[in-house]
Amino acid sequence: MTVRVQSEDFDVSTEIAALRRGNPKIGAVASFIGVVRDVNEGDAVAEMTLEHYPGMTEKAIEEIIGQARGRWSLYEALVIHRVGKLRPTDQIVLVVVTSAHRGDAFAACEFIMDYLKTRAPFWKKERAGGGARWVEARETDDIAAERWRLKG
Amino acid sequence: MVTVLYFARLREVLGQGSEQVALPASVRDLEGLRAMLVARGGAWQQELAPTRPVRAAVNQAMAMGDVPISDGDEVAFFPPVTGG
């Protein structure tokens, strides 16, 4: 399991190749990339700044990956989350999961992302229109995470 | 002493990212510390009031209510998270 919080961009192909290297048992690779949009709540977003809680953020993501490993049969999991200043079209987050079959890979990838949205300490501040504002947490993200609990 | 950290909007509104707080004998848990900070009044009262959606962590693990705290602990207060 690898967790990286960094300001630099990442290259998906490079990361997936590194994760797959030397394991011929892998039959499925699922990945998710989160990207900065140019609009939020109806306002044009020029730039955003991501803040995190060094130490706790990494631990929280490691714990989420640990939970995913407990629920599905996985080989490797990678999460990269960027912090600092980002602009529309920039990549923010990458989740990659490898497993023998696609069912486990798809489910674990979505689970990790849903839990990350509600449990990993990151905060976004947007510069939109005339001023800057902190992004409010969304109830739809809580519902997405809660879904996995109900699935048992 | 405990180290108290504030993040994001709370850090800005309270004007600091971290402080050392001496725990009186009467304060033994997270809820007690929060009440002590609220008693400072002003922005503290406004931002950390029980009705506000403030999240907390003790020693870098999410925590609520009566989680015990003691000298040397790291306690953090922050808004609901918005990463990803």
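Residues numbered from 1 in each chain as written. Chains lettered and ligands numbered in written order. Predicted model: local features only at pLDDT ≥ 70, side-chain atom pairs only at ≥ 80, totals over all residues. Heavy atoms only, no water.

Peer 1: What exactly am I supposed to notice about the overall build of chain A here?
Peer 2: Helix and strand counts for chain A stand at four helices and nine strands. Scanning chain A from its N terminus toward the C terminus, one meets helices and strands in the order β-α-β-β-β-α-β-β-β-α-β-β-α. Radius of gyration (C-alpha) of chain A: 16 Å, near the 15 Å computed for a compact globule of 152 residues. Residue burial in chain A is summarised as follows: out of 152 residues, 47% are buried. (Helix = DSSP H or I, 4+ residues; strand = E, 2+ residues; numbered from the N terminus. Rg over C-alpha atoms; globule rule 2.2 N^0.38 Å. Buried < 20%, exposed > 50% of the residue type's maximum accessible area, 1.4 Å probe, protein only.)

Peer 1: Whenever I open this one, the layout of surface pockets confuses me. Can you help?
Peer 2: Where empty space is left in the structure can be found by rolling a water-sized probe over the atoms. The volume enclosed by the largest pocket comes to roughly 900 Å³. Lining the largest pocket are 41 residues, with K117 and A137 of chain A together with P80, V81 and T82 of chain B positioned closest to its centre. The dominant element in the lining of the largest pocket, judged by the number of residues it contributes, is helix α3 (residues 102-119) of chain A, at four residues. The wall of the second largest pocket is formed by 17 residues, among which E136 of chain A together with R9, P53, P79 and P80 of chain B lie closest to the centre. Put simply, the parts of the chain that give the lining of the second largest pocket at least two residues each are β8 (122-128) of chain A together with α1 (8-14) of chain B. Residues that form the lining of the second largest pocket fall into these classes: 11 nonpolar, one polar and five charged. (1 Å grid on protein atoms, 1.4 Å probe; cavity = no way out; pocket = protein on both sides within 12 Å on 5 of 7 lines; lining within 4 Å. Points joined across faces, edges and corners; volume = space filled by probe spheres on them. Nonpolar A, V, L, I, M, F, W, Y, C, P; charged D, E, K, R; others polar.)

Peer 1: Got a minute to help me understand the nonpolar core in this structure?
Peer 2: Note that soluble globular proteins tend to have their nonpolar side chains buried in a common cluster. Residues and elements named next belong to chain A. Counting 33 residues, the largest nonpolar core has I61, W72, V97, F111 and I112 as its most contacted members. Secondary-structure elements contributing two or more residues to this core are β2 (28-35), β4 (43-52), α2 (56-71), β5 (76-82), β7 (91-99), α3 and α4 (139-150). A total of nine residues in this core trace back to one element, the largest contributor, which is α3. Ignoring anything within four residues of it in the chain, the contact list for F111 reads I64, Q67, A68, R71, W72 and W148. (Core = buried A, V, L, I, M, F, W, Y, C linked by side-chain atoms within 4.5 Å. Contact = heavy atoms within 4.5 Å.)

Peer 1: Just to check I follow, could you spell out the interface of chain B and chain A for this structure?
Peer 2: Many authors give the size of an interface as the accessible area that is lost as the parts come together. Between chain B and chain A, the contact holds 20 residues from the first and 25 residues from the second. Between chain B and chain A the total buried area reaches about 1,800 Å² when both faces are included, carbon and sulfur atoms providing 57% of it. Three residues, Q60, T82 and G84 of chain B, lead the burial of chain B against chain A; their summed loss comes to 39% of the area buried on that side. Linking chain B with chain A are two salt bridges, by the criterion used here. Here K125 of chain A ties to E12 of chain B by a salt bridge, and the two come within 2.5 Å at their closest N and O atoms. Inspection of the chain B/chain A interface yields 14 residue pairs in polar contact (both at pLDDT 80 or more). Elements with a minimum of two residues in the side of chain B that touches chain A: α1, β4 (61-63) and β5 (74-78) of chain B. If one sorts the elements of the side of chain B that touches chain A by residue count, α1 of chain B sits on top with four residues. (Buried area = accessible area lost by both parts, 1.4 Å probe. Salt bridge = Lys/Arg side-chain N within 4 Å of Asp/Glu carboxyl O. Polar contact = N/O pair within 3.5 Å; in protein donor to acceptor, adjacent residues only side chain to side chain.)

Peer 1: Please explain the packing of aromatic side chains as it appears in this structure.
Peer 2: The geometry of an aromatic ring pair is captured by two quantities: the separation of the ring centres and the angle between the planes. Overall, the coordinates contain 11 aromatic pairs over all chains when judged by the stated rule. With a centroid separation of 5.5 Å and 90° between ring planes, the pair formed by W72 of chain A and W148 of chain A is classed as edge-to-face. Here W72 of chain A, found in the loop between α2 and β5, pairs with W148 of chain A, found in helix α4; they are 76 residues apart in sequence, far enough to count as distant. Across the pair, W148 of chain A and W72 of chain A agree in class, each one buried. Consider the rings of F111 of chain A and W148 of chain A, whose centres lie 5.6 Å apart with planes at 85°: the pair is edge-to-face. With F111 of chain A in helix α3 and W148 of chain A in helix α4, this residue pair connects regions lying 37 residues apart in the sequence. Residue F111 of chain A shares its accessibility class with W148 of chain A, and that shared class is buried. Each residue in the set Y53 and W123 of chain A together with F7 and F78 of chain B is aromatic and connected to the rest through ring pairs, giving one cluster. Stacked on the ring of Y115 of chain A, the Lys or Arg R119 of chain A has its end atom at 4.0 Å from the ring centre. If you follow R40 of chain B out to its NZ or CZ, it ends over the ring of W44 of chain B, 4.4 Å from the centre. (Phe/Tyr/Trp six-rings, centres within 6.5 Å; stacked < 30°, edge-to-face > 60°. Lys NZ or Arg CZ within 6 Å of the ring centre and 35° of its normal.)

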